[in-house]
Structures are given as C-alpha cells and as structure tokens.
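Observations on the model geometry
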Amino acid sequence: MTQQTPATSDYTMGFSEEMIESLRRYTAEASAAYLLPYLRPGLRVLDIGCGPGNISVGLAKAVAPGHLHGVDMEESQIELAKSVAKANGQDNAIFHVGDIVDLPFEDSFFDVVHCHNVLMHIPNTAAVLAEAKRVLKSGGIIGCREMICESSFTHPDFGVIRKAWDMFEDLLAADDGHPQMGKELKNRIVEAGFTNVRMDVTFDIYNTPEDIAFIHTFANKWFLSPEITDAAIKYGAATQELCDAILNAYDRWKDHPGAFCGLAFGEAIAGRP
C-alpha cells in the first residue's frame, strides 16, 4: 500500500493528566451503547484512535472469543490500553501504534470498525473513512460517535462560559479539526460510500458532585492551562481578560446548586456494501 501523509500532525487535546482522566471516563457501556447491540461473540473489531483503551476493552468483552484491535498514533496511549486490557482480563484485545490512514491490516479483515471522538480531530476525514472501508468486510459495519460542540453546554453560564466553548471550537478549527463533526457524520459517511446510515444524538451529562468537581478541575488545569490559553490568544480565539473571566465563572459554577454540563454527540451506524 502506498505510504500516505499521517492523518494529523497535531492533536489539539494533548495528553495531560487531566485529558487522560477525561478519556478514562468513557466506557463501552456509556459511550458505545449504540454499537453494542450489533456485536456478538466471534467478531473481529477495529477501534481506531483507541486512546487508553477504556472503550476498547468493553468492545473486546462483547466479541470474545473474537478479537479487538486498537490503533492509536500515541505510544503512551497504547501502553495504557495494554494495561487496561490486562487489568480487565481481556487477552483478546490487541493494541498497535499506527497511522489510522495507513492501517497495518489486509483488505476486508474486520467485521466492525469503531471510533469515538476521532474524526473531529482529523483534517482529512475522507482518508480515514476510506481506510476504514478498505479493512471492513462487505456487509460489515462502522460505528462513529463524535461531538457537536455548538450543542454542548455548561449551566449556569454566567454570561461567559459559552465563550469557552467558542474558544475550544476555534482552537479545533485552527488545527484543521471539525468542531461540529457529530452533525456532519451522516454526510461524511455517505460520501465515503457507506450505506444504510442510522443516526442519533445523545448527551453525556455531568451532574453529580463528583462530576462537577471533575469538570471544574478539567477547566482549570487543562482548558485554562497556559499551554491552551497561550495557543488561543496566539490564534486570536481569546484574550487574557476573557480567560480570566472564564476562570472566575467556573469557580462560581462549581458552587452553584444548579450546576450541570452536557456534552452533545452525534452517533452513526452504517454498512459497507
């Protein structure tokens, strides 16, 4: 296969401790519930952009004794995924460092391809979907779950937290990402040649005291970290005054009795002809 340009030269989210903790909160039961009814023992599944493997191990459990192959560009994530699989006793989960537009698998190798919050970060989503289609068997399925940033919210807003979402969208766009990919999924998948697309929209809700504390910490230590705010100011997506106002608003938010946060996702299931 001809060597292609890597899918992405940068990853907006980075791999900080706070970001890794946010990825660990995703599970197959919570984040791939739309896909689980299509899985059965013996299938072979590919998880592209698998990250630390928390969703992967749930998919592996659903198809055992079939196999789950996870691929991610970041070696540290693959090492985490291997540890998660070992801790969960999922020896049918196999993880690879690799480029998701140049997968190390033969044509028609998988029954199912899955991705979660991956396409939104990839400049050339068509290349990713074409490669997913290549490695899928005829009659196989692809399942994608991607954020809809403009439909996500933090409440109460105090007249400024929405601007944090806008700032995040601008950062993604500056890295050639796609902040509204969850809404664009159906069209992208149809254009890639998949058929029988079934769409849904769901929310991840952060409502408990533990959730509120997590979001506050994440906002302070990741989103409002110097690395992110400096980039936002550089790209013209924010000012220091705006970042300070957002920080103060999140401090008020965490103590508000009505505080909650909702992350919107588009979910798609489609078939490979």
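Parameters at a glance
- Residues numbered from 1 in each chain as written.
- Predicted model: local features only at pLDDT ≥ 70, side-chain atom pairs only at ≥ 80, totals over all residues.
- Heavy atoms only, no water.
- Phe/Tyr/Trp six-rings, centres within 6.5 Å; stacked < 30°, edge-to-face > 60°.
- Buried < 20%, exposed > 50% of the residue type's maximum accessible area, 1.4 Å probe, protein only.
- Lys NZ or Arg CZ within 6 Å of the ring centre and 35° of its normal.
- Axes fitted to C-alpha atoms, helices over the stretch in contact; angles between N-to-C directions.
- Helix = DSSP H or I, 4+ residues; strand = E, 2+ residues; numbered from the N terminus.
- Parallel < 35°, antiparallel > 145°, perpendicular 65-115°, else oblique.
- Left-handed = near helix turned anticlockwise from the far one by under 90°.
- Contact = heavy atoms within 4.5 Å.
- Expected span 1.5 Å × (residues − 1).
- pLDDT = per-residue confidence, 0-100.
- Pairing = 2+ DSSP bridges.
- Salt bridge = Lys/Arg side-chain N within 4 Å of Asp/Glu carboxyl O.
- Disulfide = S-S within 2.5 Å.

1. Points about the packing of aromatic side chains
Per the counting criterion, the structure on display carries 11 aromatic pairs. With centroids separated by 6.1 Å and ring planes inclined at 40°, the aromatic side chains of Trp222 and Phe223 adopt a geometry described as tilted. Taken as a pair, Trp222 and Phe223 share a single burial class, namely buried. The ring of Phe109 has Arg44 lying over it, and the distance from NZ or CZ to the ring centre is 4.0 Å.

2. Some thoughts on the packing of helix 6 (residues 161-174) against helix 10 (residues 240-253)
Each pair of packed helices gets described by two things: the angle between the helix axes and the distance between those axes. Relative orientation of the contacting elements helix 6 and helix 10 amounts to 125°, with a least axis distance of 9 Å. Comparing their axes, helix 10 and helix 6 come out oblique. Between helix 6 and helix 10 lies a crossing of left-handed hand. Only Leu242, Cys243, Ile246, Ala249, Tyr250 and Trp253 of helix 10 make contact with helix 6, whose side of the interface consists of Ile161, Lys163, Ala164 and Met167.

3. Remarks on helix 10
Because each turn of an α-helix spans 3.6 residues, side chains separated by three or four positions in sequence point in the same direction. Along its 14 residues, helix 10 runs 20 Å from first to last C-alpha, staying within 8% of the 20 Å computed at 1.5 Å per residue. Its buried side turned inward, helix 10 meets strand 6 (153-155), helix 6, helix 8 (209-223), helix 9 (226-234) and strand 8 (260-271).

4. A short note on the environment of Ala245
Relative to the elements of secondary structure, Ala245 occurs in helix 10. On the basis of relative accessible area, Ala245 is assigned to the partly exposed category, the value being 32%.

5. Examining the confidence of the model for the protein
On average, residues of the protein score 91 in pLDDT, and 92% of them reach the 70 mark or higher. Considering only residues more than four positions removed or in separate chains, one finds that residues 1-9, a stretch of pLDDT under 50, has 24 contacts.

6. Some points on the pairing of strand 4 (residues 110-116)
Counting buried positions along strand 4 yields 7 of 7 residues, so the element is predominantly enclosed. Two strands pair when backbone bridges link them, and strand 1 (residues 45-48) and strand 4 are joined in this way by 4 bridges, in the parallel orientation. Counted as the bridge partner of Asp47 is His114 from strand 4. Relative to strand 5 (residues 136-147), strand 4 is paired through 6 bridges, and the arrangement is parallel.

7. What about the pattern of salt bridges?
Applying the stated criterion to the full structure yields 11 salt bridges. Here Asp111 ties to Lys137 by a salt bridge, and the two come within 3.1 Å at their closest N and O atoms. Taken together, the positions of Asp111 in strand 4 and Lys137 in strand 5 put the pair 26 residues apart, joining distant regions of the chain. Using a relative accessible area of 31% as the deciding quantity, one classes Lys137 as partly exposed. Here the residues in one salt-bridge network are Asp107, Glu131 and Arg134, joined through shared partners.

8. A short note on the state of the cysteines
In total, this model carries 0 disulfides according to the counting rule given. Unpaired in this structure, Cys50 has its nearest cysteine sulfur neighbour in Cys115, at a distance of 12 Å. You can call Cys50 buried: its relative accessible area is 9%. Free of any disulfide, Cys115 has its nearest neighbouring cysteine sulfur in Cys144, separated by 3.5 Å.

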